[in-house]
Amino acid sequence: MALTMARRRRESTVFFPWEKKRGLLGILGRARGRLLLGVVAVIVFLVLVWGREEHAAAVRATRATLSTTLLAVTAYRADHGGKCPVSLSDLVAGGYTRDIPIDAWGHPLRLTCPGRRDAASFEVSSDGPDGLPGGLDRVE
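From a predicted model like this one, the values you see are computed outputs, not experimental measurements.

Asker: I'm lost on the overall build of the chain in this one. Help?
Answerer: What the chain contains, in helices and strands, is four helices and two strands. Counting from the amino terminus, the chain carries its helices and strands in the arrangement α-α-α-α-β-β. Taking all 140 residues of the chain together, 22% fall into the buried category. About 10,600 Å² of surface is accessible on the chain, with carbon and sulfur atoms providing 63% of the total.

In structure tokens form, the structure reads like this:
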């Protein structure tokens, strides 16, 4: 009986060439394939994290630009009796900002006066990365 157990163990390690695993599952079973797959997975992960962080940094920079523009428009309205500027270039002409404010993606900010939510107020927003007005990726 011990002889038959030893034969069965030896028989299970012998394969004909056409019986070996081939294709994707066969490659993943080999050490080099697993290593290559791991390296590719790490690279893809790092690229995804980098892209996400770049987008988050751009949104933070745009929000900072929005807050400084908000202060400039508020100062303009205080100096002009509550009247909103016609465009953001009026802020430059009045000396409230040096340049026309742009977002992190290079698009000029959008000034809405009177505001959509409050008629006595104003809104400053960015059209977002795609630059399309009113898109879902806008920053307010």
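Asker: Is there a simple way to think about the packing of aromatic side chains in this case?
Answerer: Where two aromatic rings form a pair, the distance of their centres and the angle of their planes describe that pair. Counted under the stated rule, the structure contains one aromatic pair. An angle of 75° between the planes, with centres 5.5 Å apart, marks the rings of Tyr 76 and Tyr 96 as edge-to-face. Of this pair, Tyr 76 sits in helix α3 (residues 31–79) while Tyr 96 sits in the loop between α4 (89–93) and β1 (110–112), and the two are 20 residues apart along the sequence. Residue Tyr 96 is classed as partly exposed on the basis of its relative accessible area of 24%.

Asker: Sorry, what's going on with the side chain of Thr 62 here?
Answerer: Position of Thr 62 relative to the elements: it lies in helix α3. Residue class for Thr 62 comes out buried when judged on its relative accessible area of 0%. Residues contacting Thr 62, with those up to four places away along its chain left out, are Asp 103, Ala 104, Trp 105, Ser 126 and Val 139.

Asker: Looking at this structure, I do not really get the side chain of Glu 123. What am I missing?
Answerer: Tracing the sequence through the fold places Glu 123 in strand β2 (residues 123–125). Under the relative-accessibility criterion, Glu 123 is labelled buried at 14%. Aside from chain neighbours lying at most four places away, what touches Glu 123 is Arg 110, Leu 111, Thr 112, Gly 115, Arg 116 and Arg 117.

Asker: Just to check I follow, could you spell out a nonpolar patch on the surface for this structure?
Answerer: A cluster of nonpolar side chains, namely Leu 35, Val 39, Ile 43 and Val 47, defines an oily patch on the protein surface of about 380 Å² accessible area. A relative accessible area of 52% means that Val 47 is categorised as exposed.

Asker: So what exactly am I meant to see when it comes to the environment of Ile 100 here?
Answerer: Turning to its location among the elements, Ile 100 is positioned in the loop between α4 and β1. Beyond its immediate sequence surroundings of up to four residues, Ile 100 is in contact with Leu 88, Ser 89 and Val 92.

Asker: Could you clarify how one ought to interpret the nonpolar core in this entry?
Answerer: Counting twelve residues, the largest nonpolar core is built from Leu 66, Ala 72, Val 73, Tyr 76, Cys 84, Leu 88, Leu 91, Leu 109, Leu 111, Phe 122, Val 124 and Val 139. The greatest single-element share of this core, amounting to four residues, is contributed by α3. Residues in contact with Leu 91, not counting those within four places in the same chain, are Thr 69, Ala 72, Val 73, Tyr 76, Pro 85, Tyr 96 and Thr 97.

About the cut-offs
- Residues numbered from 1 in each chain as written.
- Predicted model: local features only at pLDDT ≥ 70, side-chain atom pairs only at ≥ 80, totals over all residues.
- Heavy atoms only, no water.
- Helix = DSSP H or I, 4+ residues; strand = E, 2+ residues; numbered from the N terminus.
- Buried < 20%, exposed > 50% of the residue type's maximum accessible area, 1.4 Å probe, protein only.
- Areas by Shrake-Rupley, 256 points an atom, 1.4 Å probe, with all protein chains shown as cover.
- Phe/Tyr/Trp six-rings, centres within 6.5 Å; stacked < 30°, edge-to-face > 60°.
- Contact = heavy atoms within 4.5 Å.
- Patch = residues over 30% accessible without salt bridge, like charges linked within 9 Å, V, L, I, M, F, W, Y side chains within 5 Å.
- Salt bridge = Lys/Arg side-chain N within 4 Å of Asp/Glu carboxyl O.
- Core = buried A, V, L, I, M, F, W, Y, C linked by side-chain atoms within 4.5 Å.

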